[in-house]
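Letter by letter, the chains look like this.
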Amino acid sequence: MKVKIAKNAGFCFGVKRAMKMAWDEVEQHSDNIYALGPIIHNKQAVSKYEEKGLKTVEEIENIPSQNHMIIRSHGVSEEIYTTAKNKDINVVDTTCPFVKKIHYIVRDNYNQGYNIIVIGDKNHPEVIGINGWCNNSAIIIKNIEDLNSIELDSSYKYCVVAQTTINLDLYKNIVEQLSLKLNDIIFNNTICSATKVRQEAAKELSNEVDCMIVVGGKHSSNTQKLVQICKEYVPTFAIETCDELAIEDLKSYSLIGLTAGASTPDWIIKEVIDFVESL
Ligand code: F3S
């Protein structure tokens with residue numbers, strides 16, 4: 001039985017950077033360090049950091065002053081930085097630089113009188129954070145249908161940004177519609193290619209192997225998207241850890257492909273590879 005790994009699998013640049021920065025800080029301040037929201041959507045990885053001393057809270061109000069706070073790669077609103085400063089909390093900012101760039105585009109254009117439009121999911125932490133750089137005034141568009149229910153005024157100026165992980169075709173369709181409705185509008189394609197690249201690699205590999213294993217959280221949307229893509233081509237096993245793999249499931253395959261969601265740590269991927277290769 002042979003395992004072939006997708007060209008791009010697991011942590012993207014931003015998550016890898018954030019997890020490394022967070023680990024270094026947890027090692028230094030294990031008694032008084034907090035994460036504002038789960039550091040990553042992977043419960044095995046979160047447990048590893050929590051065993052080391054990291055405490056996860058949902059609200060900054062739950063972090064005592066003079067402690068350390070990790071901001072995860074999704075980023076947060078401007079208000080969180082102000083509150084941290086007022087409470088004398090040391091900020092460990094692991095916001096992905098691509099997300100940070102969106103914050104500055106939004107802040108600068110908002111200050112110049114532009115109305116901000118975010119193409120993305122209003123409940124996603126990244127979008128909640130972005131909206132917090134224009135006083136929570138952004139118009140958030142998730143799909144083409146939303147365009148029918150939002151109020152736009154062609155005498156106003158608009159500035160558009162995108163959640164980094166949205167689909168490019170969706171972005172293009174919405175941009176086209178907005179261009180028809182509005183005169184003074186700036187578009188910023190802030191989509192990050194990491195998601196697309198990982199999906200293309202999964203598709204390519206699915207065409208070469210007998211079955212696919214997709215490693216990642218059951219609640220991780222990018223992992224579930226990879227599962228969906230692979231299933232179109234070959235039998236696909238979606239697992240969080242190698243404990244969920246049964247020898248029976250795999251014994252009829254000789255070449256097995258493997259990919260992993262953006263929040264799956266390397267050590268979990270390695271465990272799965274070792275397990276399959278040992279069969
Ligand atoms: Fe950053 Fe792109 Fe990953 S925005 S967190 S490198 S998906």
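How each quantity is defined
Residues numbered from 1 in each chain as written. Predicted model: local features only at pLDDT ≥ 70, side-chain atom pairs only at ≥ 80, totals over all residues. Heavy atoms only, no water. UniProt positions renumbered as here; feature names shortened; annotations may be inferred. Buried < 20%, exposed > 50% of the residue type's maximum accessible area, 1.4 Å probe, protein only. Contact = heavy atoms within 4.5 Å. Helix = DSSP H or I, 4+ residues; strand = E, 2+ residues; numbered from the N terminus. Axes fitted to C-alpha atoms, helices over the stretch in contact; angles between N-to-C directions. Parallel < 35°, antiparallel > 145°, perpendicular 65-115°, else oblique. Left-handed = near helix turned anticlockwise from the far one by under 90°. Nonpolar A, V, L, I, M, F, W, Y, C, P; charged D, E, K, R; others polar. Domains from an automatic or database assignment. Buried area = accessible area lost by both parts, 1.4 Å probe. Salt bridge = Lys/Arg side-chain N within 4 Å of Asp/Glu carboxyl O. Core = buried A, V, L, I, M, F, W, Y, C linked by side-chain atoms within 4.5 Å. Pairing = 2+ DSSP bridges. Patch = residues over 30% accessible without salt bridge, like charges linked within 9 Å, V, L, I, M, F, W, Y side chains within 5 Å. Areas by Shrake-Rupley, 256 points an atom, 1.4 Å probe, with all protein chains shown as cover.

1. As for the UniProt feature "binding site: isopentenyl diphosphate" (unreviewed entry) in the protein chain
In the numbering used here, UniProt assigns the feature "binding site: isopentenyl diphosphate" (unreviewed entry) to His41, His74, His124, Ser220, Ser221, Asn222 and Ser263. For His74, a relative accessible area of 19% corresponds to the buried category. Beyond its immediate stretch of four places on either side in the chain, His74 contacts His41, Val99, His124, Pro125 and Glu126. You can see His124 is positioned in the loop between β6 (115-119) and α5 (125-131). Classification of His124 by relative accessible area gives partly exposed; the value is 22%.

2. Considering the packing of helix α8 (residues 193-206) against helix α9 (residues 221-231)
Contact geometry of α8 with α9 gives a least axis separation of 9 Å together with a crossing angle of 30 degrees. Judged on the interaxial angle alone, α9 and α8 are roughly parallel. The chirality of how α8 crosses α9 is right-handed. On α9, the residues touching Arg198, Gln199, Ala202, Lys203 and Ser206 of α8 are Asn222, Lys225, Leu226, Ile229 and Cys230. Partitioning the contact of α8 with α9 into residue classes produces 4 nonpolar, 3 polar and 3 charged.

3. A closer look at the domain arrangement of the protein chain
Domains assigned within the protein chain are domain 1 (2-10 + 193-278), domain 2 (13-95) and domain 3 (98-187). Domain 2 and domain 3 are separated by 27 Å when their C-alpha centres are compared. Of the roughly 840 Å² buried where domain 2 meets domain 3, counting both sides, 62% is carbon and sulfur surface. The three residues of domain 2 that bury the most area against domain 3 are His74, Glu78 and Thr95, which together make up 50% of that side's buried surface. Joining domain 2 to domain 3, the criterion identifies 1 salt bridge.

4. So, the nonpolar core
Counting 18 residues, the largest nonpolar core has Ile213, Val215, Leu245, Leu250, Val272 and Val276 as its most contacted members. Mapped onto this core, the elements with two or more residues apiece are β10 (211-215), β11 (236-239), β12 (255-260) and α11 (266-278). With residues up to four places along the chain from it excluded, the contact list for Leu250 reads Met1, Cys211, Ile213, Phe237, Leu245, Ile256, Val276 and Leu279. By size, the runner-up hydrophobic cluster in this structure holds 16 residues, among which are Val26, Ile33, Ile39 and Tyr49.

5. Focus: the pairing of strand β8 (residues 157-162)
For β8, the buried fraction is high: 5 of the 6 residues fall into the buried class. As defined by bridge partners, β6 adjoins β8 across 5 bridges and the pair is classed as parallel. What sits directly across from Val118, in β8, is Val161. Both β8 and strand β9 (residues 184-187) contribute to a ladder of 4 bridges, which runs parallel. Bridging from a neighbouring strand, Tyr158 pairs with Ile185 of β9.

6. Some details on a nonpolar patch on the surface
Together, Met1, Ile247 and Leu279 give the surface a local cluster of nonpolar side chains, amounting to about 250 Å² of exposed area. Relative to the helices and strands, Met1 is located in the segment before β1 (2-5). Judged by its relative accessible area of 36%, Met1 is partly exposed.

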